[in-house]
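Single-letter residue listing:
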Amino acid sequence: MLNRVQLSTGTAEQTRAVGRTVAGLLEPGDVVSLTGDLGAGKTTFVQGAARALGVRDPVVSPTFTLVRQYRGDRPVYHLDIYRLDRVQDVLDLGLDEILDGTAVVFVEWGDAVEGLLPEDHLEVELTLPDDTDRRLLALTGRGPTWGSRWPRLQELTAPWREA
Ligand code: ADP
Ligand code: MG
């Protein structure tokens, strides 16, 4: 069974609200992989999610640092591997430690390192259907833990469900 839901938002604040809502289902060890063109709203989504996880510091695009760690109710990592073109560069970030199961981890351009992520993870694919502020968010839950959380995720994201 494919656990997939298609959402749409009309403002950045709505995308943050989706992030906050999804964050309510996240536990230590969870990985959220975000894909989508530059400006699609990946970082915006993480801003909402991180806030809901108790992060008070502003979440900005980790373009120059590639990885940021935030202190929330649990440790939160935010990776942006946009500029990394070798798997070794990602490993050099200390991915093993980051994925040790104690933190919630958000990875922008996560598809580039799909093979390095745990089987259980949530994919968020953001697309711009037109030149307005509208964004489509396709959420795919991979692995058994997302299977069991899926009914709840569908219920919570119903306000943004794409018709
Ligand atoms: P990415 O991390 O994918 O490159 P960002 O989240 O940094 O994208 O940037 C998204 C930009 O688009 C922000 O300036 C944000 O305010 C704007 N924006 C406009 N509408 C939306 C929307 N519906 N969802 C997310 N961002 C939006
Ligand atoms: Mg970004």
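Up top is the structure.
Residues numbered from 1 in each chain as written. Chains lettered and ligands numbered in written order. Predicted model: local features only at pLDDT ≥ 70, side-chain atom pairs only at ≥ 80, totals over all residues. Heavy atoms only, no water.

**Q** Could you give me a rundown of the sheet that holds strand E6 (residues 121–127), with the residues and numbers involved?
**A** Taken in spatial order, the seven strands make up an open sheet running E1-E7-E6-E2-E5-E4-E3, and their pairing is mixed. Strand pairing shows two members of the sheet lacking a second neighbour, strand E1 (3–9) and strand E3 (67–71), which therefore form its edges. Between one strand axis and the next, the sheet turns through 15° on average, direction left out of account. Of the strand pairs in this sheet, E6 and strand E7 (residues 135–142) are connected by seven bridges, and their pairing is antiparallel. Bridge pairing in E7 links Leu-126 to Leu-137. Contacting strand E2 (31–35), strand E4 (75–80), strand E5 (104–108), E6 and E7, helix H2 (residues 42–52) crosses the sheet at an angle of about 150° to E2. (Pairing = 2+ DSSP bridges. Helix = DSSP H or I, 4+ residues; strand = E, 2+ residues; numbered from the N terminus. Axes fitted to C-alpha atoms, helices over the stretch in contact; angles between N-to-C directions. Contact = heavy atoms within 4.5 Å.)

**Q** I'd like a description of helix H5 (residues 144–156), backed by residues and values.
**A** Look at H5: 19 Å from first C-alpha to last across 13 residues, which is about the 18 Å you get at 1.5 Å a residue. At Trp-150, H5 is bent by approximately 50°, the largest bend along its length, and proline Pro-151 sits one to four residues beyond. All of the buried residues in H5 are Trp-146, Arg-149, Trp-150 and Leu-153. (Expected span 1.5 Å × (residues − 1). Bend = angle between axes of the 7 residues up to and from the residue. Buried < 20%, exposed > 50% of the residue type's maximum accessible area, 1.4 Å probe, protein only.)

**Q** Got a sec to walk through the pattern of salt bridges? Specific residues and values, please.
**A** Enumeration according to the criterion identifies seven salt bridges in this entry. A salt bridge links Glu-13 to Arg-20; its shortest N-O distance comes to 3.2 Å. Here Glu-13 falls in the partly exposed class, since its relative accessible area comes to 40%. According to the relative accessible area criterion, Arg-20 is partly exposed, its value standing at 35%. With a shortest N-O distance of 3.0 Å, Arg-134 and Glu-162 are connected by a salt bridge. Of this pair, Arg-134 sits in the loop between E6 and E7 while Glu-162 sits in the segment after H5, and the two are 28 residues apart along the sequence. (Salt bridge = Lys/Arg side-chain N within 4 Å of Asp/Glu carboxyl O.)

**Q** Kindly report on the site of ligand 1, identifying the contributing residues and their values.
**A** If you check the shell around ligand 1, you find 16 residues, and the closest are Thr-15, Gly-39, Lys-42, Thr-44 and Asp-133. Contact distances for ligand 1 include 2.6 Å between an oxygen atom and a side-chain N or O atom of Thr-44. For ligand 1, whose unbound accessible area comes to 570 Å², protein coverage reaches 75%. Elements with a contribution of two residues or more to the shell around ligand 1: helix H1 (12–23) and H2. (Near = heavy atom within 4 Å. Polar contact = N/O pair within 3.5 Å; in protein donor to acceptor, adjacent residues only side chain to side chain. Areas by Shrake-Rupley, 256 points an atom, 1.4 Å probe, with all protein chains shown as cover.)

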